[in-house]
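Reading the structure
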Amino acid sequence: LRRRGGGRISIVSHRKNAEGSATLGRAMVADLGIQFSFIEYQALSLCLAGGICLGLAAIELAMRRFQVLPVIFPGMFSVQERRFLFFDFEIRDGVVAENLRWRSKLLIRVTLCVVMSYLWQRCVLETTQRVGKEYPSEACLPDVDCFASEIHVSTLLTRALKPIDCHGRRVFARDHVISCVRFVQPSSTDWLMHIAIAHSLTQLNIKCFEFFVQLAGNSGRIRAAFGLCFVLAVAMLPVLFVTGLFSYFVSSWLSFVMASSVPVFLWNVWGTSKIF
């Protein structure tokens, strides 16, 4: 009887310890104030990828069924009496015409990725990321969730990013990748402003592309300068990564997309201007 009684007492004590640890875990989560886990935030980011894919599919369908290049690039392309004109030069070679169409579509695709990333960053989910040992001061804001992980290859596979305790401020012993996420508060005036900025950004890319292509096409030195700028832009990315300055220039998904679009834009201008 004593053994049974002792066993019952042991079982009850284990149950009490389990309930106490579960209560403590819920209290710690409540103290951290984390709305979602990092994996759940990554799942929400898939909506951005889905929106970009749908936009690319819609653009491809529109460009194949309709003659939209003269509408999007009115200063570069025009169709007169069934003649395809490129800056008032008639293009009769089918290979050259297809190359022009491909490069123009490439600019539209890149612009779509930049614009969609901008609208996602400013209107839906704002993300920032940096590398260092300093504690993120914005982690204690009520609407910001911050996660940290050590710089290691296994982090890419395990996704072991732990939420940062707001009450345990300290300096990390090693360099950590710190990611902060915040839902943007919905506001019709802010949405209208950012949509206008996205439209202006689209027009800026298109007009600059037309201007730079005509400028580089009329001057071999300017064309060579664009080629040199493309080489420097590509070489700068690994240099910044090796020196540890990459996180200062690429601190969010939007800045990464914009930094990646610059070499593509320069290469596209250089390649299109060679057709002259």
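Look above for the structure.
Here's what I pulled together on the structure shown here.

How each quantity is defined
- Residues numbered from 1 in each chain as written.
- Predicted model: local features only at pLDDT ≥ 70, side-chain atom pairs only at ≥ 80, totals over all residues.
- Heavy atoms only, no water.
- Helix = DSSP H or I, 4+ residues; strand = E, 2+ residues; numbered from the N terminus.
- Buried < 20%, exposed > 50% of the residue type's maximum accessible area, 1.4 Å probe, protein only.
- Contact = heavy atoms within 4.5 Å.
- Areas by Shrake-Rupley, 256 points an atom, 1.4 Å probe, with all protein chains shown as cover.
- Pairing = 2+ DSSP bridges.
- Axes fitted to C-alpha atoms, helices over the stretch in contact; angles between N-to-C directions.
- Parallel < 35°, antiparallel > 145°, perpendicular 65-115°, else oblique.
- Left-handed = near helix turned anticlockwise from the far one by under 90°.
- Salt bridge = Lys/Arg side-chain N within 4 Å of Asp/Glu carboxyl O.
- Expected span 1.5 Å × (residues − 1).

**A short note on the overall build of the chain**
Along the chain, the regular secondary structure elements total 9 helices and 7 strands. Across the 276 residues of the chain, 32% fall into the buried class. Long-range pairs, those at least 24 residues apart, make up 79% of the contacts in the chain between residues at least 6 apart in sequence. Entry remark: accessible area of the chain is about 17600 Å², with carbon and sulfur atoms responsible for 64%.

**Points about the sheet that holds strand 1 (residues 77-80)**
Within a sheet, each strand pairs with its neighbour through backbone hydrogen bonds, oriented either parallel or antiparallel. The strand order across the open sheet formed by 3 strands is 1-2-3, and the pairing between neighbours is antiparallel. At either margin of the open sheet sits one strand with a lone partner, and together these are strand 1 and strand 3 (89-90).

**A word on the packing of helix 6 (residues 188-217) against helix 9 (residues 253-273)**
Relative to each other, helix 6 and helix 9 sit at 45°, their axes nearing to 8 Å. Regarding the angle of helix 6 to helix 9, the classification is oblique. Two packed elements cross with a definite hand, and for helix 6 against helix 9 that hand is right-handed. Taking contact as the criterion, the partners of Asn205, Cys208, Phe209, Phe212, Val213, Ala216 and Gly217 in helix 6 are, on helix 9, Phe265, Asn268, Val269, Thr272 and Ser273.

**Structural notes on the pattern of salt bridges**
Tallying each qualifying case throughout the model produces 5 salt bridges. Across the pair glutamate 90 and arginine 83 runs a salt bridge, and its minimum N-O distance is 3.7 Å. By relative accessible area, glutamate 90 is classed as partly exposed at 33%.

**Considering the sheet that holds strand 6 (residues 162-163)**
Spatially, 4 strands are ordered 4-7-5-6 in an open sheet, and the strand pairing comes out antiparallel. Pairing within the sheet leaves two strands with one partner each, and these edge strands are strand 4 (125-132) and strand 6. Where strand 4 meets strand 7 (residues 176-183), 8 bridges bridge the pair, whose relative direction is antiparallel. Along strand 7, the bridge assignment pairs arginine 130 with isoleucine 178. Contacts between helix 2 (residues 38-65) and the sheet are confined to strand 4, strand 5 (144-150) and strand 7, with strand 7 contributing the most and set at about 60° to the helix.

**Thoughts on unusual backbone geometry**
Peptide bonds are trans in most cases, and residues, glycine excluded, mostly fall at negative phi. Despite not being glycine, phenylalanine 87 has its phi angle at roughly 55°, a positive value. The backbone of aspartate 88 sits at a positive phi, close to 65°, despite the residue not being glycine. Overall, the relative accessible area of 69% leaves aspartate 88 in the exposed class.

**Notes on helix 2**
Side chains of residues three or four places apart in an α-helix project in the same direction, reflecting 3.6 residues per turn. Between its first and last C-alpha atoms helix 2 spans 41 Å; for 28 residues at 1.5 Å apiece the expected length is 40 Å, and the two agree. Every buried residue of helix 2 is listed here: Phe38, Tyr41, Leu48, Ile52, Gly55, Ile59 and Met63. Against helix 4 (94-123), strand 4, strand 5, strand 7 and helix 9 lie the buried residues of helix 2.

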